[in-house]
Structures are given as structure tokens and as C-alpha cells.
Number of protein chains: 4
Amino acid sequence: MGYYFKSDNTAAACDEILAAIASANHGYASGYGDDAWTERLDREFSRVFGSEVRVFPVATGTAANALALATLTPPWGAILAHREAHIVRDECGAPEHMSGGARLLLLDGPDALVTPAELRRALDDNPATVHTVQPRTLSITQATELGTVYRPGPLRDLTAAAHAAGLRVHVDGARFANAVAFLGCKPGELGAAAGVDVLSFGATKNGALAAEAVVFFDPALAADFELRRKRAGHLLSKMRYVSAQLLAYLQEDLWLRNARRANLLAARVAAAAGALRLHPVEANEIFIRTTPERIAALRARGFQFYDAGAAGSGQARFVVSWNQPEADVDALCAALRALDGR
Amino acid sequence: MGYYFKSDNTAAACDEILAAIASANHGYASGYGDDAWTERLDREFSRVFGSEVRVFPVATGTAANALALATLTPPWGAILAHREAHIVRDECGAPEHMSGGARLLLLDGPDALVTPAELRRALDDNPATVHTVQPRTLSITQATELGTVYRPGPLRDLTAAAHAAGLRVHVDGARFANAVAFLGCKPGELGAAAGVDVLSFGATKNGALAAEAVVFFDPALAADFELRRKRAGHLLSKMRYVSAQLLAYLQEDLWLRNARRANLLAARVAAAAGALRLHPVEANEIFIRTTPERIAALRARGFQFYDAGAAGSGQARFVVSWNQPEADVDALCAALRALDGR
Amino acid sequence: MGYYFKSDNTAAACDEILAAIASANHGYASGYGDDAWTERLDREFSRVFGSEVRVFPVATGTAANALALATLTPPWGAILAHREAHIVRDECGAPEHMSGGARLLLLDGPDALVTPAELRRALDDNPATVHTVQPRTLSITQATELGTVYRPGPLRDLTAAAHAAGLRVHVDGARFANAVAFLGCKPGELGAAAGVDVLSFGATKNGALAAEAVVFFDPALAADFELRRKRAGHLLSKMRYVSAQLLAYLQEDLWLRNARRANLLAARVAAAAGALRLHPVEANEIFIRTTPERIAALRARGFQFYDAGAAGSGQARFVVSWNQPEADVDALCAALRALDGR
Amino acid sequence: MGYYFKSDNTAAACDEILAAIASANHGYASGYGDDAWTERLDREFSRVFGSEVRVFPVATGTAANALALATLTPPWGAILAHREAHIVRDECGAPEHMSGGARLLLLDGPDALVTPAELRRALDDNPATVHTVQPRTLSITQATELGTVYRPGPLRDLTAAAHAAGLRVHVDGARFANAVAFLGCKPGELGAAAGVDVLSFGATKNGALAAEAVVFFDPALAADFELRRKRAGHLLSKMRYVSAQLLAYLQEDLWLRNARRANLLAARVAAAAGALRLHPVEANEIFIRTTPERIAALRARGFQFYDAGAAGSGQARFVVSWNQPEADVDALCAALRALDGR
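In this text, all values refer to a predicted model and were calculated from it rather than measured experimentally.

J.: Looking at this structure, how should I read the overall build of chain A?
T.: The number of helices and strands found in chain A is 14 helices and twelve strands. Taken over the C-alpha trace, chain A has a radius of gyration of 20 Å; the compact-globule value for 342 residues is 20 Å, and the two agree within 12%. Considered along the principal axes of its C-alpha atoms, chain A spans approximately 55 × 55 × 30 Å. In chain A, which comprises 342 residues, the share counted as buried stands at 65%. Summarising the internal contacts of chain A: among those between residues at least 6 apart in sequence, 77% fall at separations of at least 24. As displayed, chain A has an accessible area near 11,200 Å², and 51% of this comes from carbon and sulfur atoms.

Rendered as C-alpha cells:
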């Protein structure tokens, strides 16, 4: 009944993930992460990222982000983030909740990308005194909420600017796989080597049921994380089922294969969108601007997607899932080409 | 490789639960609970409980408890709970975290059961003025942490005493199935009819992967719950997989069948424990007291379990899981009989 | 040694205030507000505002603001405020702290004034869903941080827009006296009659030692305030000394006499500033823009004041205190006239 | 009009304190502690305590306690305190509020005194795992809520036990002057030399209007205190008036002279109470046990005091203020002697 481009979280999970859960489902395993699956996570993630990391699984991206940010930011701290960021717009104040009231300072920048200059401008506009919240953390999204990607070079420049100002750097990687797939780089080039301190490494949107990993590139920062996680109700008792998902996700590059497919199909949509396209399409999201009437016409034809921008602006967002049928994509391409008047 | 009696959360999930997940794993479904599985929950739980309820799935029992308690208790409120309660001893301050700093006032009582008299004593000892935290919520556990069960009659008396004092009543039902199975009553007799306001209805320990339901018997109390859940990172994007577990759990009384089996095996262990037994065995937990040496000897023979009570007290806890092999139970019974000198 | 225009909080307290403290300093008085002075506050403030109010004294403006905002705003709520607001820029996250993590949504507007249109724009840009913080409170400042004043008519329009959107209205009145003095209106015209729900009524800047009053125009909103205040450490034990200040402040219009004098002197400075003046001068603050060199020259001549705007912008703020010597003002006027090239 | 023995916070302030405020009330002074009075505090307190300290003034004892405890205790931490402690019974959850939800673990002990053995018992009963709050802070009261005093030797033993367990030590010194006066020791013997990390040094109850000082014996612990204080609304703008009180309080041993007088009069009451006396009287509080009828009779004769213990237990508390008229004390002594049947 229609073509689903609302979000990659509307897609099912992949067979490999379900098989891994089924395969973990025998015998006893100690609870709360003291199991054979969870114990392998640090090693596997360290291998994938090419540096020593500490990894903590949780079940949602909001939990991963908020717990990571709370670990980096005291209650009187400020988290600098792009005003399009998921943590700003879509998490109902989870960073404030988890941190005990830290503040989000909003950054601007084209295509949802933060630049060192914009970061410095914001810091200059918010000089720290005893009367103000204290900038402590930069949080960026990779790939961004507008479907763009930080390259390793600019990312290093940005994290260097952040570190120079005494900030730690968090990356919301709900679509981290799509960024790595797009760049064709090693994962580590977007991790420790790029100056990232903590990464919310997402799997749910890209083929898992419910599995996210908080990856500390500086293990020393993780000291209190386990207590925060437990206290927030995010330490799962039967953790093996989350960890098994993450292990399967990393195995034989499942994560990258899924992401590559979604990216490739998204690129097709981008090409079809032509002049309607709003942002570079570097991951699995496509934004267009047309007229509200044409948006309505697309919906009438069975395409499901979210509006973007302000109400009535004629902007729309399409997200291609890891398992999106090619036929859906072909239909969307044809419809967009027709809109574009070609 | 040993006999596992550490906790029912070390057991695997049942086939019906995995089958339900697999069966939900096709096609698209809107995220965050706007799916066909989640939409059925209110109806199914209302049917099971025989009264209109509002139900919210989450992935952990700590989340269920802390979110429920925060909904009932303002930051300056106090939650009265038995000093053996899981929320007191095993949740790393989750009630405080989620409520913004409410306080736990500790109650006593044999076998981890709270009586109206003890509740009134505690309220008398903590008269509310502007200088004190304000008692607002009674939280009890059903079945309790010591394996005992509140009967409908005494439960009604207790909740009546709580309501008379202006308190709301929360039940931590991590092992609610075991209580219903033991009593052979209708679930509703331990719910709205017994004066319970909110129930953390557990499934994880009794056969699910990760699925708990917060059940509001007074739907009016649920007003802000959804915002609290989202803000705390406990709104799963692919919610269908949690809701599918809960639906399967209720279907054809799977939850009661699993619990009955565990209770039955636990009763065998209780009988074998004889005079070593510490508390009535009314669910799937058995506590014994013997000598530290005998405790060590049991461990040496491959039995895995937790110490109970103070270190060196010679107390131990055994939990029987829904799928515990009968052979394990037979082995434990034999070992306990030998300990008891029979 | 110089001329102090840094802030009205650098001024001493007036003789009437000190006399009131001395006069309260005999005999015993029950603590925590159960004293003869505090008991008169509701009646005195109700008289001054011409409507039934509930009044709670505290010792700082930040406490008054944050406690009032927390009373109106749940943790998942949003407080809309001008980006120049004191609660945004100068209270180190006190609103977040006191509310349990509510968010500030920033508004724009010339001269630090919020308009109904700007309020509606912000609400349109932040539609409330379960994924977002929920707009609950509008906080404005009277007189504003840029020395301007809301007239009764526009204020009514603004609060009507807020109430229509389901928001409560808080006024930071650290310089409320200056606003009333400027407008020559009845205090109530800026209170209940203007749709204000809660007012932080300041006295400290305008002649008291340390005394602020949280004034609830809708007493029903005050239900939990006393517990919040106590819990935050803002219930003074020897409350009589704060309440005595407030009573003296209201007596024989001391508050308005002090404010009128400061406003009058500020108007002289405004006239002297001529084209350098940046905003309408409607209270006791004057902002100018000139060159950084001239700013430095003013400082070299002994004038003490804060920079305004961005560093190096050549903007400066002068605040005239209730007891500012006329000679200081004359000196500043002369210096500004010289700057302005007249 | 009666004899006031309800609390030392019902007494007026001393002339020296008021004179100091009046003397500070001229000219301009920078706000928020950047003034000549506040700048002298570190030096004066370091002199009094014989070691380098960092001092932060606030206006209430609850603020001093809660801010100090929050500085020492993370949200997932536990604060161990006697169940009679003011922070437990009379601050409406301020420690939880300020710390972001830390928990109070309650200790027992005769006369409200904590012993190393009791501390160790509580730590043994609350072993720290990832599932539990983490003991971080011991908070004791000096003089205690039951009018007793920790001697330097036992205090050193207790703080050594705390430090050995990884805890920091906070002292609620609302009546610290009475303890020093009773012991006749140097203040430092109850400070750094006794292993105390942070002291809430009270002045309000003993002659000030509203002045308390948070004294860090280990200045390294004070790093974030200023931000916490500001954020909580406890940084007074016209700070000179609080600091001037503290300076006057220390000058020429005013604090000790006031306390000595109160202690001396309390000792007279203690002698008169005879066998009715419940605890050693080592400061300015006397507790008695008699019959409810006799309690009522005392009240009927004009004595004002609080009940102690459970309702109807016939226990009462009398507090002697720094300026209690001798005639009041004589009347109370006579009345108690009559009760005691002598």
C-alpha cells in the first residue's frame, strides 16, 4: 500500500540480525552485559575502528546520545550543536534530562554542517563567566540530518577547533554507516584519527531491531558511563540480544553493505530530483523543494514521506532504507522527474 | 557446565516470543509506536485485566519502574517502599534520576511484604511540613524480592491505607506472572480491583527478550508519560518488536504457563530445602540459610546462585527460570536434601 | 574614585531599608516566614497591585526567576524568552537547574521587546510532538535588559497571544519599579490586568540589600511554590529581615520614588548621548555605540561601565542607580556630549 | 508574652552584625562577591582555622549544606548521614535537588553521633556495584541535632574511616560555634586537622541576619562550586552585606562569645532538667522526656518549644539563643525542677 520513504526506522530488520538473535537464544547467560556476546564488543569495535575503544550497547539512539552527552557535559555546561540536529529537534530534551540541565547552544551552517568558523563565532558570542553556562561539548551528526557528510579533513579541523576551546566532541552516528559508505574511508578516519571523543554508533536504522553502541575513543572518558546507563534504565538484563545484533552488524561488513545499498538508491533519487534537490545527497536522505500542490500530488499517488522546513514551504524529505525495494525507488524517480518537468 | 539458579534473567527467550518477532519482521511500520502491534496493546491488556487500561511498552524493568514512579511523584515527593525492594537496592538510583530527586522512605516487614500498619507507622514518623519531602507514592513488589505474594484481600487493605493517606500505589511486577500463577486469581484482582494505580508488568524475566509494559489502571494518570518516556530515551523507534513480544506473551496465556512451570519447580526446591528455607515460596524464588561452608560446597558442585543477606550469613537465593531443565531442579533438590541432613 | 555606572546592584541600600531592618531586630519571631512581617506581605502587595496576590520573598533575582519558571514549566517544557533576557544570558542555567531541565527557546525583537508576531513565529517553528519539548511559558523582562518598557496595551496583546497558545506568562521584574515609574501607570496595569501570571518583583537593584518577591497573580499557580523554595535552599530562617525590606520598599512609594529619580537622571544621560544612543531610554539604562577608542577614553577618565554587544563593537551600557550622585550624571553627560562631537 | 525556646533562629541579630551592615552601606561596590568585604573572607577564615581555606558565603544553611554535598557527590552517589540529621529531616530534599538525585543512606547512633563502626556497618550493608548508588560522602553535624559534640579524637577516627572507604567528609556546622565553644579547642582542630573536607559554617542561628559560609579545607574540591552556587540562585548580587556579617562574626571572637553564653545558659537548663534530660547537653539544646500532660502544662505557662521524638512521647526540645534573657532561663529551670519533682 504505497511507497515508504518516511524514515529508515520504518524498515524491518535484516535476516542476519534476526539469525544472530536466534543463535544467541539458547542456554543461560549472565545478565547485564556479563555475557560472551557483550564481552566481545570492545575487541570487535576496536578492530573495526583501528584503535582501542570502549563500547556500551543501548537500545535507542536517544539513549546513546543523551548518555554520551551527559558523560561529557556537567549540568552547568553547554552543548554546541547545529540547529537541525536530532538532539535539538527530536529528542524531547533528552540531553537536558540526562545531564541534569545542560544547555544546547545552537549553531548555523549550510546543509546542517558545522564549520570551525561558526563554532568560534558561537563561542565568541557566549563568553564563559560565572554568570553563564560553560561550553563543554560539541555535538555533530554524521551523516547529518540533511543527508550530508563530514569529510575527514574538515572533520579534523572542526574537532581541532573544538579541542582548542576546551570542548569534547560527540558524534551522533545514527547513520554513521551511511557516512563511511559514502566516503569509502576507513571507519577510524571518522573516529579517533579525526579527533572524535565519543560516537553514538547506530545500527537500528540500518538493519537492526534495536541496537546502538556508545563508542568511547578515549576510554578514560567512560569512567562513569556504566552507572549513568544503569541509573537511566538503559542497562538491559538480557544484554546478549543487543550485543548479538551489534556483532552481526559488524560481521562481514553487513553494516556497510546495507548502507551502500541505501546510499546508491538514494543517489538515484537525487539524480531524478534534479533541480528540485535541496542539499547534496551524500547518504540516504533526499530533500526537495517544489510547490505544496505537487507535494500533495505525490502523497496522493501513495508516496509516504515527511514535510521538511516550515509548514507550506513545499519542502519534503525522502529516506531510503537499507531494504527499500528497487521498484519503490524507480517509482519515486519517475514521479520526481515528472515533477521537475523533464 | 553447572546449574543456573542466579536469576530468571539469565534464561533464554521462548520460541513463541522469537516467532512473534520474526513474524513482525516484514514490511514497513511507522516508528515510535504508531504501528499495528502497539496499537493493539491497550485492548489486549484491558481484556486481560478486565478493566480499561493504558499501556506503554519499554525495554527494561528499571525504566518501567522509574518512569512510573516519576509520573506519580514530584521531585519533592517521597516514595515509600520496602527496604528489600528492587527499586531500593538494585536500580542505582533510577527513581531519583527519573523523578528529579524524589526520596525513598524505607519500610520494614517480614518476607518483604508491607502491611498497612507499617505504612501508617512510616507516615507517622515522617509528618509532612514545608521542611520535609512529601509522601506521595507507595511502591510494592508483586511477587516480592523474597519470593512472596500479596493476596488480593491484604493488597486491597494496603492500597486503601495508602489512598487514605493521599498516596498513589505502584506495583513492581517484574514477576507479576508468578504472583498471578500462584494465586490462581484473575489478573484484575491484583490490579484495579485491588486499588493499584500503576503496574510495571514484566515479561523479560519470564520468557521475553526485552519487553516490559507500564500499565495505568487510571488512564488519567498517564497524561505526561509519553513525554517522560521519550525524554528518557525509552521510546523505541522500531517499537513493533517490543509490542509483538508483549502480544505473544499474553496470547493463549503464555505468560501464565511459563510462570506456572517455574513456580511448580520452585515448590519442589522449597520442599527439598525443608528447614533451611527462609521465606514462604510463593513464586519462583527460594531462599535458604545454612552455613557458609555448605554454601561453598554447593557452588563447588556446579550450582550457580547469589548470596542473600549479609556476607558470611550463609544465606542463598535460588531463582527457577521458566525453562529451567527439570534435571537441574532434581539435582538442586538432592543437594539441598543432603545439606539438610536428611 | 570614578563614576560607577556598571550596574544598579553596585549601589548601596537606602536608609529606609536599613531602618526597617533595624526596627525588625528586636524580640523573637518564628522562623521561615511565620512572622508578623511576612504575614503582611500578601495584603500589602494585593493593595499595591489592586488584586488578590500571593507573595513569596527570596533573596536573589535569579532565585525568584528560576523558582517562578520551574513552577510554571515541567522538565519537558520550553520557556520562550528574548535572547537578550537575563535568564538566558546571566543566570548560569538556573531555569534549567530549577525546572529539572526545561529548555529556553530564544526569541528576537528590537530593543529586547517580544511581539505577538515573534512569539507566534517561534511557536510555529517549534511544533509540539512527543519528540519535542513542549512550549509552556513565556518569560519577558519589564523593564527589559536594553532599558525599554512594555506598555499596558502591547503587553496585553502579547500575553493574550501567549495564553491563546496555552502558555503561562512570567515577568522578570528586576527593574519593575523603573517600568511603572516610566509609564506612570498603576502597578496592576502591568500585572493581572495585563495578563501576567507571575512576576519576579525586584527590590535589590532599587534600594534594598537583598529582597525580591515572587508575586502570583493567579494564586492557584502557587500550590507547590513553598516546597520548591525550601528544597532549593531559598526559604530564609530569619525571614523577617527580608520581609521588612519589602514592606519598607512599598511604603510611601519608596520603590517608585527611587525608580523615578534613576529614570530622570537616565533620561538626562540619554539626551546627552544624542545620536550615539542605541535604544529608547525608558528606564535607568542607556546604551550607546561609538568607537572602541572612545570607549577606552571614557574609561580612562574614570567612568566605569560594561561593554555591550560583541567585543570591539564600540557599544557600552550605563546604568543609573537610585542614589547616583547628580555630579556623576553631569560628568557623564558632558563626556558623552563631547564624544558626540557637539 | 512567653519564653521562646523554639529555635535559635527565632532570635534577633546582634548589634555588631547590624553595625557591620550599616558600615558597609556606603559607596559603590562591584556585585557578586567582587567587593572588598568578600575578598577578605578567605584570609580571615584561613586565619581562624589555621590553614588555607576557600570560603563562599551564602544566605541559608540549607543552601550551604546542599551546595557542599552536591560538590562532593555525583547524582549516582550516596550521602551517609545520621537519621536525625537536618539534611535528612528538615531540608525538603535539598541534597537530592542540588546533587541531581543522590541518595541519603541513614546511619544510627546514640545522641545523633556517628561512629566509625556504624559507618562501616552501613558500607558493608550497601556494597557498591553497577546496580547500586555509590557511597561518596559522609555528612555529620557539629554540634549535632541532639545537642551533642564530636571531640577531635573521635572525629579524626571517623573521618579516617570515611576516607579509607573513599568518602569525603562534610560537616553541617549550623551550630559549629557552639561546638568550638563547648570544647574550648582551636577551630582548626575540628577542621582540616580532623580530616574534614568541607564545612557549612553557620552564623545565622548565632547572631547574624542571614549569613553562612561554605568552607573548603581542601581548596581543590571547590573547583565548580561557584558555578553551582550561581546556577542555584545563591550568588547574591550585593554580596558585601553577607560578607560584612561574616567578618563581624569572626571579629574579636564574637561568634565564640555568643556561643559560650548560649551554652552556659543551656547547661543551667540541663542541670535543672535532672533525670528528665535525654542527651548530654554539650551545646545550646536540651531534650527532656516527661509525660504529655506535663509538656502541655509547660506550654500553658508560656514556654514555647518543639516536641521531639514521636507524637505523644512526652519529649521536648529547648534551644537557648545567643541573646536569651537570663530571666527566661531562670523561669525554665524552675519549671523543669518542679516537673522533676524536686
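Read on for the rest.
J.: Any chance you could explain the interface of chain C and chain A here in plain terms?
T.: When the parts of a complex come together, some accessible area is lost, and that lost area is often taken as the interface size. Opposite the 16 residues of chain C that make contact, chain A presents 16 residues. Both sides of the chain C and chain A interface together cover about 1,300 Å² of buried area, and 43% of this is carbon and sulfur. Inspection of the chain C/chain A interface yields two salt bridges. Where A:Glu96 meets C:Arg103, a salt bridge forms, and the shortest distance between an N and an O atom there is 2.6 Å. One can count eight residue pairs in polar contact (both at pLDDT 80 or more) joining chain C with chain A. Counting residues per element, the ones that place at least two in the side of chain C that touches chain A are helix H4 (86–89) and strand E4 (103–107) of chain C. Among the elements that line the side of chain C that touches chain A, the one with the most residues is H4(C), at three residues. The residue makeup of the side of chain C that touches chain A, split by class, is seven nonpolar, four polar and five charged.

J.: Honestly, the environment of B:Ser51 in this entry has me stumped. Any pointers?
T.: Mapped onto the elements of the fold, B:Ser51 is located in the loop between helix H2 (36–49) and strand E2 (54–58). Sequence spacing of B:Ser51 and B:Gly233 is 182 residues, and the spatial spacing of their C-alpha atoms is 29 Å.

J.: What's the story with the relation of the copies chain D and chain C in this structure? I'm lost.
T.: In this structure, two copies of a chain are linked by a rotation about an axis accompanied by a shift along it. Overlaying chain D on chain C yields an RMSD of 0.0 Å, the required transformation being a rotation through 180° with an accompanying axial translation of 0.0 Å. Viewed as a symmetry operation, the transformation between the two copies matches a two-fold axis.

J.: How do you make sense of helix H11 (residues 254–273) of chain B when you look at a structure like this?
T.: A rise of 1.5 Å per residue sets the reference length of H11(B), with its 20 residues, at 28 Å; its end C-alpha atoms lie 29 Å apart and thus fit the reference within 8%. At the C-terminal side of H11(B), B:Gly274 shows a positive phi close to 55°.

J.: Honestly, the pattern of salt bridges in this entry has me stumped. Any pointers?
T.: Within the structure shown, the criterion is met by 66 salt bridges over all chains. The salt bridge partner of C:Asp42 is C:Arg54, with a shortest N-O separation of 2.8 Å. Taken as a pair, C:Asp42 in helix H2 (residues 36–49) and C:Arg54 in strand E2 (residues 54–58) lie far apart in primary sequence, twelve residues in all. For C:Asp42, a relative accessible area of 23% corresponds to the partly exposed category. Assessed through its relative accessible area of 27%, C:Arg54 is described here as partly exposed. Where D:Asp330 meets D:Arg268, a salt bridge forms, and the shortest distance between an N and an O atom there is 3.0 Å. On the criterion of sequence distance, the pair formed by D:Asp330 in helix H14 (residues 326–339) and D:Arg268 in helix H12 (residues 254–273) is long-range, its members being 62 residues apart. Overall, D:Asp330 belongs to the partly exposed group, its relative accessible area being 40%. You can call D:Arg268 partly exposed: its relative accessible area is 33%.

J.: Mind showing me how you'd approach unusual backbone geometry here?
T.: Backbone geometry follows two general trends: most residues other than glycine have a negative phi, and most peptide bonds adopt the trans configuration. The amide bond that connects A:Gln142 to the next residue, A:Ala143, takes the cis arrangement and shows omega of -10°. Relative to the elements of secondary structure, A:Ala143 occurs in the loop between strand E5 (134–141) and helix H8 (152–164). A positive phi angle, close to 65°, is found at D:Ala112, a residue other than glycine. For D:Ala112, the position within the fold is in the loop between strand E4 (103–107) and helix H7 (116–125).

J.: Is there a simple way to think about the relation of the copies chain C and chain A in this case?
T.: Superposing chain C onto chain A requires a rotation of 180° together with a translation of 0.0 Å along the rotation axis, leaving an RMSD of 0.0 Å. Mapped onto chain A, 100% of the interface residues of chain C again fall at the interface, so both copies present the same surface.

J.: Looking at this model, I keep getting lost on the sheet that holds strand E8 (residues 212–216) of chain D. Mind explaining?
T.: One key point about sheets: their strands pair by backbone hydrogen bonds, in either a parallel or an antiparallel sense. All names here are of chain D. The seven strands lie next to each other as E2-E8-E7-E6-E5-E3-E4, forming an open sheet whose pairing is mixed. A strand with exactly one partner marks an edge of an open sheet, and here the two such strands are strand E2 (54–58) and E4. Taking the axes of each pair of neighbouring strands and ignoring which way they run, one obtains an average angle of 25° across the sheet. In terms of strand pairing, strand E6 (residues 168–173) meets strand E7 (residues 198–202) through four bridges, oriented parallel. Paired with His-170 across the bridge in E7 is Val-198.

Reading the values: rules and limits
- Residues numbered from 1 in each chain as written.
- Chains lettered and ligands numbered in written order.
- Predicted model: local features only at pLDDT ≥ 70, side-chain atom pairs only at ≥ 80, totals over all residues.
- Heavy atoms only, no water.
- Helix = DSSP H or I, 4+ residues; strand = E, 2+ residues; numbered from the N terminus.
- Rg over C-alpha atoms; globule rule 2.2 N^0.38 Å.
- Buried < 20%, exposed > 50% of the residue type's maximum accessible area, 1.4 Å probe, protein only.
- Contact = heavy atoms within 4.5 Å.
- Areas by Shrake-Rupley, 256 points an atom, 1.4 Å probe, with all protein chains shown as cover.
- Buried area = accessible area lost by both parts, 1.4 Å probe.
- Salt bridge = Lys/Arg side-chain N within 4 Å of Asp/Glu carboxyl O.
- Polar contact = N/O pair within 3.5 Å; in protein donor to acceptor, adjacent residues only side chain to side chain.
- Nonpolar A, V, L, I, M, F, W, Y, C, P; charged D, E, K, R; others polar.
- Least-squares fit on C-alpha atoms with pLDDT ≥ 70 in both.
- Expected span 1.5 Å × (residues − 1).
- Pairing = 2+ DSSP bridges.
- Axes fitted to C-alpha atoms, helices over the stretch in contact; angles between N-to-C directions.

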